[in-house]
Amino acid sequence: MVRGLESALRGKGFRVIRAGPSIEAALAEARPHAVVVDAAVSLDDSLEVCALTAQAQPDTPILIVAAQGDFATVEMAIGIGITDFVNEPIEWELLALRVSTMIRVTRERASQQDEDVRARRKAECDALTGLASRDVFMQGVSQVLKRAEHEGYPAALLYIGLDHFKRINDTLGHVVGDELLRHVAGLLKQQVRPTDFVAFAGGPGVADVSRLGGDEFLAFLSKIQRPEDAGVIARRILDALTTPLTLALREVGQDTIRNREISTTASIGISIFPEDGKNAQALLNRADMAMRGAKVSRRGGYTFYQKSIGEASVRRLDIEKWLRLAIERDELELHYQPRADVRDETITSAEALLRWKSRELGPVQPKEFIPIAEETGLIVPIGKWVLETACAQLARWRRHEDLDLRLSVNVSPKQFALSDVTKTVTDALTESGLTPHALELEITESLVLGEDDRTACALRDLRSFGLTLALDDFGTGYSSLNFVTRFPVDVLKIDRSIASGVEDDPAAAAVVSAVVAIANDLAMQVVAEGVDSIGQVGRLRELGCDEIQGFVVSEALAAKDFITFCRQWRGFQVSG
């Protein structure tokens, strides 16, 4: 029987090894793909071989050969864990085929199990950082909270959002961004340690750090002694993130490798169990709200959830929801604030200011909805509408009211980043029939901070077309002088925080005097914003300011009221 079996198996390409006296040693040495046992020779010995094989190598398939009609032996062998059996008389070719099939099926099953393990691992872990997935993390948090509720101790959830991570991806590439995320994951695992707390209530297998997705992470602090402990850990995380990561980067377009240090900051929102929520999802939602609040109020810091933050988040969602419909529902309107020459007191220009009256929310202040429009990208269609509406309005005034004014329109940095501003402006001018000299674009220093080649090119193109460029809020940021030397603008608008103090504050007057001197050397105009009194007008005139904008001239007016105002204007004394 043995010779026939060996011959048949070798004919199928198998290498056949006879086991010696010690089946354990034979199994350890040979590590066979399959074991064939002849039960017809010795029943007890055969069953022992099957049992030892099943114990030592549970994944190795076993085939037993039993005597004709010996179903009792087969039944006992099945109980031990054999894979297949045959009864005498034996067809050797068929037996070899059954062994081959048994090995193939076992391998396929093992491969499928490996795939299942990999799939489960993928579902349980973040592929980039190796941290727990959101689902696994939240399940662990839920388990711990049940015990926390029963035992009456607090816990905390930290929602960690990296600041300006997109800028790293955009400037240095996703490879660097991914390396930074892995670095941050490692830091979080170091900083969130079970020994920081009374006990790690989750026990083995409960993750305390997770990557939620993108540049956002979660950390769970179980069984803290008091809510303030969460703030201590948050501060430790923030301090750790300031440690720079040194990466060897290949210079773009070159073969040289240079080391570069990269660091990041984060904003952290904290929710406390049970005050801020009694389940994992509620804590997550409120920690998210707190993190968004931290990004607005204090990037690089942490904020505990408060009811006011939740109310602000609901308000923000409402604003975003209805702002998306504002243009098609014709809810947007432009008001116009006049500017006057400080010497001859004539109205020279006006700034177009956006107003929104929502059907559901009523009047919404620009300081509320414009930042949301910028964050969501809605500023692009809204900004296009503003340019088209302002140009059309000025064209009507010039044709029908004989108003020879220049109109100033604010352009957001997001419009430069997300759209072709040059085309938007030229299309608006063409459609309205205005010449470029009639339009002034106001840009802010935040555009300078994110300035790139595309922005620089757009600014130069717009100025070369004949448009006037004005730098808004001049004097409040560190980048102003650097900007005007690289991109000569036409108008410097002094921020209201400086202009309003010139009458009583020598420091404010000195700043205005310095700005005027710079502007004179660079052939620029100086406009003072936020001027509210005749006394301020007189002092600004003495300091050499060119134009005034503020309540001393007029508040922003609807289009029809602006015409009436221009007809009735007689100078500062009348207005004041």
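Remember, predicted model here, so these are calculated numbers, not experimental data.

Q: Please clarify how the sheet that holds strand E5 (residues 209–213) should be interpreted in this entry.
A: In any sheet, the strands associate via hydrogen bonds between backbone groups, in a parallel or an antiparallel arrangement. Strand order in the open sheet formed by five strands is E5-E6-E4-E9-E10, and the pairing between neighbours is mixed. The open sheet has two edge strands with one neighbour each: E5 and strand E10 (302–304). Direction aside, the axes of adjacent strands within the sheet are offset by 20 degrees on average. Judged from the eight bridges that link them, strand E4 (residues 155–162) and strand E9 (residues 266–273) form a sheet pairing that is antiparallel. Note that in E9 the partner of Ala156 across the bridge is Ile272. Those strands touched by helix H9 (residues 228–241) are E4, strand E6 (216–221), E9 and E10, and its axis lies near 160 degrees from that of E9.

Q: Explain the sheet that holds strand E1 (residues 35–38) here, please?
A: Pairing is parallel across the open sheet formed by three strands, whose spatial order is E1-E2-E3. Since the sheet does not close on itself, it has two edges, and those belong to E1 and strand E3 (84–87), each with one partner. Direction aside, neighbouring strands of the sheet carry axes that sit 20 degrees apart on average. Strands in contact with helix H4 (residues 71–80) are strand E2 (62–66) and E3; relative to E3, the strand with the most contacts, it is inclined by about 170 degrees.

Q: Teacher, can you tell me more about the confidence of the model for the protein chain here?
A: Predicted coordinates in areas of low pLDDT are best not read in detail. For the protein chain, the mean per-residue pLDDT works out to 84, and 88% of the residues sit at or above 70. Note on residues 195–206: pLDDT under 50 across the span, and 24 contacts to partners over four residues away in sequence or across chains. A low-confidence stretch, residues 251–257 (pLDDT under 50), is modelled with eight contacts involving residues beyond four sequence positions or located in other chains.

Q: What am I meant to see in the pattern of salt bridges here?
A: A side chain with one charge may pair with a side chain of the opposite charge, provided their charged atoms come close. If you walk through the whole model with that rule in mind, you get 31 salt bridges. As a salt-bridge pair, Glu547 and Arg339 come within 2.9 Å of each other at their nearest N and O atoms. With Glu547 in strand E19 (residues 547–549) and Arg339 in strand E11 (residues 332–341), this pair connects stretches of sequence that are 208 residues apart. With respect to class, Glu547 is no different from Arg339; both count as buried. Asp404 serves as the salt-bridge partner of Arg398, at 3.4 Å between the closest nitrogen and oxygen. The exposure class assigned to Arg398 is partly exposed, which follows from its relative accessible area of 31%. Residue class for Asp404 comes out exposed when judged on its relative accessible area of 67%. Connected via shared salt-bridge partners are Arg316, Glu320, Arg324 and Glu375.

About the cut-offs
- Residues numbered from 1 in each chain as written.
- Predicted model: local features only at pLDDT ≥ 70, side-chain atom pairs only at ≥ 80, totals over all residues.
- Heavy atoms only, no water.
- Pairing = 2+ DSSP bridges.
- Helix = DSSP H or I, 4+ residues; strand = E, 2+ residues; numbered from the N terminus.
- Axes fitted to C-alpha atoms, helices over the stretch in contact; angles between N-to-C directions.
- Contact = heavy atoms within 4.5 Å.
- pLDDT = per-residue confidence, 0-100.
- Salt bridge = Lys/Arg side-chain N within 4 Å of Asp/Glu carboxyl O.
- Buried < 20%, exposed > 50% of the residue type's maximum accessible area, 1.4 Å probe, protein only.

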